Amino acid sequence: MRERSVTFILCLLSMVTIYTAVSGCSPGIGAERVETPTIAPGPIPIETGIPTETPISEEDPFFEARQRLVEEGIIGMGISDPLVIEAMGRTPRHLFVPEDYVDMAYVNHALPIGYGQTISQPYIVALMTQELGVHEGDRVLEIGTGSGYQAAVLAELGVEVFTIEIIGVLAEAATERLSGLGYENVHVRHADGYFGWEEEAPFDAVIVTAAPDHVPQPLLEQLTIGGVMVIPVGPVGWFQELWRIRRIDGANFRSTSLGGVTFVPFTRELRDE
Ligand code: SAH
């Protein structure tokens, strides 16, 4: 039932994505929304369950905007895992976007981070994180570090994150940003993520945040039995299908479609810039 409603939401979002693409907006990561949610002033309802005693406190000028995003764009769009909701409420997205976009950090939209890449839409980050179904202490591989935001959300769940980025400058910036923020449980590597991270495998979960046209075999092989991969697959420049793939045993995998999404391409060229 839940899977059906997630698919329904994603289908709706896909339709919106088509409209967005047609209307000339650049496709970012994740399903785009046409209307930009406005951050209206006013008190935050108390029944959200979002913790207020976090390392990022009321002194954080973005505290309310973040809570409102979580309320409207995460819980309001159907995310129900309380730990994921809490992690989204704790992760300071404004510290992961370029200075020019800080004011838009808590709008439910993908944003540019340079080099033709984007930081994912918060709703899609929450959805993919929820679908991974990770537990504290799990080992998670991410392909496509980008800004490091998705890795930080995973780290907030108490997992050990191994994240790979193909663009050197982004890998370096994310390493500095994550360690500056005290995320000691995130390890960043500059490499082509197609081959996974053999020395650290197996992983309880693999999350791919760029879209390849097929599922890389090495990533399937680096999953534990029972492990889950969440990955968008499809042609470049159009929209793709988001899949959750569970490893049943050594040779068998069960795939579930989570609907249509739009991600930046999974590339194969290691870039130093
Ligand atoms: N998860 C990121 C969003 C990343 S956008 C965040 O939270 O900000 C997708 C990223 O995947 C881009 O930075 C892109 O450079 C990277 N990427 C694309 N192909 C890749 C590959 N083969 N290996 C590793 N990273 C790749």
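Residues numbered from 1 in each chain as written. Predicted model: local features only at pLDDT ≥ 70, side-chain atom pairs only at ≥ 80, totals over all residues. Heavy atoms only, no water.

## Focus: the confidence of the model for the protein chain
The condition that has to hold: Confidence of the predictor at the level of single residues is captured by pLDDT, which takes values from 0 to 100. In what follows, a contact means two residues having at least one pair of non-hydrogen atoms within 4.5 Å.
Per-residue confidence for the protein chain averages 84 on the pLDDT scale, and 79% of its residues sit at or above 70. Scored below 50 in pLDDT, residues 1–55 makes 99 contacts in the model with residues more than four places away or belonging to other chains.

## Here we look at helix H6 (residues 168–180)
Condition: Runs of H or I in DSSP of at least four residues are treated as helices and runs of E of at least two as strands, each being numbered from the N terminus. Expected span of a helix: the number of residues minus one, times 1.5 Å. Relative accessible area decides the class of each residue, using a 1.4 Å probe on protein chains only: under 20% of the type maximum gives buried, over 50% gives exposed, and in between gives partly exposed. Within this analysis, the arc is defined by the directions that extend from the helix axis to the C-beta atoms.
Its 13 residues place the ends of H6 18 Å apart at the C-alpha level, agreeing with the 18 Å of an ideal helix rising 1.5 Å per residue. Within the span of H6, buried status applies to Gly 168, Leu 170, Ala 171, Ala 174 and Leu 178. Angular distribution of buried residues about the axis of H6 spans 160°; they occupy a single face of the element. Exposed and facing more than 90 degrees away from the buried side of H6 are Glu 172, Glu 176 and Gly 180. Where the residues of H6 are buried, they touch strand S1 (111–114), strand S2 (117–119), helix H5 (149–156), strand S4 (160–165) and strand S5 (186–190). Phi for Gly 182, located one or two positions after H6, is positive at around 85°.

## A look at the sheet that holds S5
As a reminder, the rule being used: What makes two strands pair is DSSP finding at least two bridges between them. A fitted line through C-alpha atoms represents every axis, and for helices the fit uses only the stretch in contact; the resulting angles, taken between N-to-C directions, go from 0 to 180 degrees.
Spatially, seven strands are ordered S5-S4-S3-S6-S7-S8-S9 in an open sheet, and the strand pairing comes out mixed. Looking at strand neighbours, the two that pair on one side only are S5 and strand S9 (253–261), the edges of this open sheet. Adjacent strand axes in the sheet meet at a mean angle of 15°, parallel and antiparallel pairs treated alike. Where strand S3 (residues 139–143) and S4 come together, five bridges link them in parallel fashion. Counted as the bridge partner of Leu 141 is Phe 162 from S4. Contacts from H5 reach S3, S4, S5 and strand S6 (203–208) within the one sheet, and its direction differs from that of S4 by about 170°.

## A word on the site of the ligand
Defined as follows: Only heavy atoms are used to decide nearness, and a residue is near a molecule or strand if one of them lies within 4 Å of it. Any pair of N or O atoms that falls within 3.5 Å is considered a polar contact. Within protein, one atom must be able to donate a hydrogen and the other to accept it, and sequence-neighbouring residues count only if both atoms are side-chain atoms. Here the accessible surface of atoms and residues is derived via Shrake-Rupley with a 1.4 Å probe, and residues count as covered only by protein chains that are part of the display. Side-chain classes follow a simple rule in which Ala, Val, Leu, Ile, Met, Phe, Trp, Tyr, Cys and Pro form the nonpolar group, Asp, Glu, Lys and Arg form the charged group, and the remainder, Gly included, forms the polar group.
Residues in close proximity to the ligand total 28 residues, the closest being Ser 147, Glu 165, Asp 192, Gly 193 and Thr 267. Gly 144 is positioned such that a nitrogen or oxygen atom in its backbone is 2.9 Å from a nitrogen atom of the ligand. Thr 209 places a side-chain nitrogen or oxygen 3.2 Å from a nitrogen atom of the ligand. Here the ligand loses 100% of its free accessible area of 580 Å² to cover by the protein chains. Put simply, the parts of the chain that give the shell around the ligand at least two residues each are S2, S3, H5 and S4. Per-element accounting of the shell around the ligand gives the leading share, three residues, to S2. Of the residues belonging to the shell around the ligand, the class tally is 13 nonpolar, twelve polar and three charged.

## With respect to the environment of Leu 270
Summarising the element assignment, Leu 270 is placed in the segment after S9. Assessed through its relative accessible area of 48%, Leu 270 is described here as partly exposed. Each C-alpha atom, one on Leu 270 and one on Gly 168, is 7.8 Å from the other, the two residues being 102 residues apart in sequence. Not counting chain neighbours up to four residues away, the residues in contact with Leu 270 comprise Ile 166, His 190, Ala 191 and Asp 192.

## Thoughts on the pairing of S1
By the bridge criterion, three bridges tie S1 to S2 in an arrangement that is antiparallel. If you follow Pro 112 over to S2, its bridge partner there is Thr 118. Connecting S1 to the next strand, S2, in antiparallel fashion are two residues, including Tyr 115 with a positive phi near 60°.

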